[in-house]
Amino acid sequence: MWRFAWRNLLTRPVRTLLALIGLSIPILGVIGLFSLSNGLRDLVGDTLSRIQGIIIVREGAFSPVFSDLKADLEDRIRAIPGVRLVTPELWKLAPSVEGRSPIGQVARTMAGGLLNKNKKDGGSQIQGLLDQPVIVGQDSTKRAGIKSEIFIKALLKGSEGGRYLNPGDIGERRIVISRKVAKDNPHADTGLPRKVGDSLDIGGKDFEIVGLYDTGSMFLDVVIIMDIHAARELLQVGEDTVSTFYVEGTDPSANDELTLAIERELPGMDARSPNEISSNFGTLMNQLDLFLLATVMLALIVGVVGIINTMLMSTTERFAEFGVLRTNGWSRRDVLTLVSAESAYLGFLAGLVGYLLALTFTLIANQFLTSTGLSLTITPENALRGLALSVAMGMLGGIYPAWKASRMVPMAAIRLGSH
Amino acid sequence: MSSLPSDGSKPDATTMIEVVEVRKSFRSGDRMVEALRGVTCQIQRGRCAFVVGPSGSGKSTLLYLLGALDRPTEGAIHVDGRDLTTMSEPQANAYRKNDVGFIFQSFNLIANLTAVENVLVPFFPTGVTAEHRAQAVGLLEQVGLKHRLEHRPRQLSGGEQQRVAIARALVKEPKLLLADEPTGELDSRTGDEIYRILRRLQAQRQTTLVVVTHDRRFITANDQVLEIQDGQLLSDNQPQPDASLARSH
């Protein structure tokens, strides 16, 4: 019977193809969104795995960039048992880089996306919205002894990478930038990326590049690191204000407990360990997944309606055929099984096509996303989930036509076919 | 059997079909149509019976009721001792699957199946065995389609399609064969051929054959002829028993 059902689908190839397209597009959406979600989780997980300490920000601040704390909290934090190292940081969006303001950059990115016909640049336009350079002012003296200095570990090898900031850079306009920032702000005359020894105009002031790094993470490679005093001068932030405190405990495995101790001691502060950030991000991603899934569900409903339509047309055309089957001893359940099998096949095929489309989409997208560190992958679980969803949607779409076909009175069906 | 024929004659072991005061009405738009109005008749086992009458007289309705494709509004139908009017849905399915074969005017073959697959259709739900297949091939050979086994309906002539339909009806080795205008869409030469095949196979297998037709050319003196008009049995011409039996053997 399953072979018969399969053949019934192939008998009407155009209609089958249209129904396939209708359902495979939302399945592509489901698998694609899950692969994007997985990619983001992996990227954030990878980024967080490099941080071993705790970041203290103002309660409710979405990011260190939007956090302001009193600088004199430093001593109170240091006094908390279990704290080994405290260092203040100043995080702000770069006012302008090479004369380009953050708002201008967003506008250019969007306009570029609309006007640029060069498809190879498409990826950089997508990521452009996430590319706003961020100034991080660090206190080189107080960072001595830090264990998880992400950017030092990411310095490029050899002379190309230069060096990291040291106490000799205090008050000096010297910066460490990523290879990406160097590439995004090339020399106006030669078009070549910036290198160690070159200068970069930030907020109308020239800063000497002393180091180049590459973390491979789109979230980290936007950071321009400079001395905290130089940053205060550039960003016009007073000595009494910092954005965050970076804290390392004596026992990294007890970070969660230390986090609670800090929040107890400093009401109104939010101490975030990598675990907590990861958990918060996971919650955020789950909510995002649900939202995206709800959006895709609308497309899925349209796909199911397509299946219902196809199967209804098919069963209506085959009214006499079902009558013949019934006269040959087929029960209602047999007819129901036949039509359900056809819609299940449709769903399976749509799932397969959706999976292949998603695979192609991720392969192409990954070509553009290499510099961001974001990689879209379709896990076998997600592929199976998409396929199962597609079969379920196909069968759902086939229920009513199958029921209708099974309820036909054989005599009426035969008579209809005879006239 | 609970009911007796209205003429008082008792059904015996040779009776295959017994129809007692059957009425069938159905709704057509806003009005009720009485397709059968108290039909009573008997058909002997292994016999050829023709139901004749003008279009719309109710002859096809009677045939479909004999095949348990529908139920009478009133009356009783017994086939081989079983009351079709009280059969459950699964029993009716089993009856159609095992005991009765149908042949239709418009052949009603399934377009995307080959000749041999069309013959095997009754076995699809339970699975086709090698034995079923051999049986189907044998039947197609008997109806002269040995070289057309893998052809699809569109590759076959009308006569060939009807021969496939005959093989499909007989593959279950039914006790009762019901044919609704089996030559209605065929020319007279092909019609002759179809009747020749039908009669030969019916005689070989001792199947009871009931044919609905408005064309009396194919009726012989040995056949029972039931004439229906306006849903009522006008006449029931029984053949000479000896002649009929001699022919069937």
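Preceding this section is the structure that the text describes.
So, here's what we can say about the structure. (Residues numbered from 1 in each chain as written. Chains lettered and ligands numbered in written order. Predicted model: local features only at pLDDT ≥ 70, side-chain atom pairs only at ≥ 80, totals over all residues.)

## Regarding the overall build of chain A
- A tally of regular secondary structure across chain A gives 14 helices and 11 strands.
- The 419 residues of chain A split such that 40% are buried.
- Here the contacts in chain A between residues at least 6 apart in sequence split such that 84% fall between residues at least 24 apart. (Helix = DSSP H or I, 4+ residues; strand = E, 2+ residues; numbered from the N terminus. Buried ≥ 20, exposed ≤ 12 C-beta atoms within 10 Å, placed from the backbone. Contact = placed C-beta atoms within 7 Å.)

## Overview of the environment of R148 of chain B
Residues and elements named next belong to chain B.
- Following the sequence through the fold, R148 ends up in the loop between α4 (130-142) and α5 (158-170).
- R148 gets classed as buried once you count the C-beta atoms within 10 Å, which come to 20.
- Linking R148 and V116, residues 32 residues apart in sequence, is a C-alpha distance of 8.6 Å.
- Once residues within four sequence positions are removed from consideration, R148 is found in contact with A115, L156 and E160.

## Regarding the interface of chain A and chain B
- In this complex, chain A contributes 21 residues to the contact, which on the side of chain B involves 21 residues.
- At the level of elements, α1 (2-11), α11 (319-327) and α14 (410-418) of chain A are the ones that each hand at least two residues to the side of chain A that touches chain B.

## Some points on the sheet that holds strand β6 (residues 100-103) of chain B
Residues and elements named next belong to chain B.
- Pairing in this open sheet of six strands is mixed, and the strands run β6-β7-β8-β3-β9-β10 from one edge to the other. This sheet does not close on itself; its edge strands, each paired only once, are β6 and β10 (232-237). Adjacent strand axes in the sheet meet at a mean angle of 15° when their direction is disregarded.
- When strand β3 (residues 48-52) meets strand β8 (residues 208-213), the two strands line up parallel, connected through five bridges. Note that in β8 the partner of A49 across the bridge is V210.
- Relative to β8, helix α1 (residues 59-66) is tilted by about 155°, and along the sheet it contacts β3, β7 (176-180), β8 and β9 (224-229). (Pairing = 2+ DSSP bridges. Axes fitted to C-alpha atoms, helices over the stretch in contact; angles between N-to-C directions.)

## What to know about the nonpolar core
- Core analysis: the largest hydrophobic core is formed by 110 residues, its most contacted members being V51, L66, V119, L140, A167, L178 and V210 of chain B.
- No other element matches helix α12 (residues 332-369) of chain A, which puts 11 residues into this core.
- In this structure V119 of chain B touches A136, L139, L140, V164, A167, R168 and V171 of chain B, once residues within four positions along its chain are discounted.
- Counting residues in each nonpolar core, the second largest holds 48 residues, with I54, L69, L212 and V223 of chain A among its members. (Core = buried A, V, L, I, M, F, W, Y, C linked by C-beta atoms within 7 Å.)

## Remarks on the packing of helix α2 (residues 13-49) of chain A against helix α13 (residues 380-406) of chain A
Residue and element names in this part refer to chain A.
- Relative orientation of the contacting elements α2 and α13 amounts to 150°, with a least axis distance of 10 Å. The angle between α2 and α13 places the two elements in the roughly antiparallel class. For the pair α2 and α13, the crossing hand works out as right-handed. Facing L23, I27, V30, I31, F34 and S35 of α2, the residues of α13 in contact are N382, A383, G386, L389, S390, M393 and G394.
- Tallied by class, the residues present in the contact of α2 with α13 amount to eight nonpolar, five polar and no charged. (Parallel < 35°, antiparallel > 145°, perpendicular 65-115°, else oblique. Left-handed = near helix turned anticlockwise from the far one by under 90°. Nonpolar A, V, L, I, M, F, W, Y, C, P; charged D, E, K, R; others polar.)

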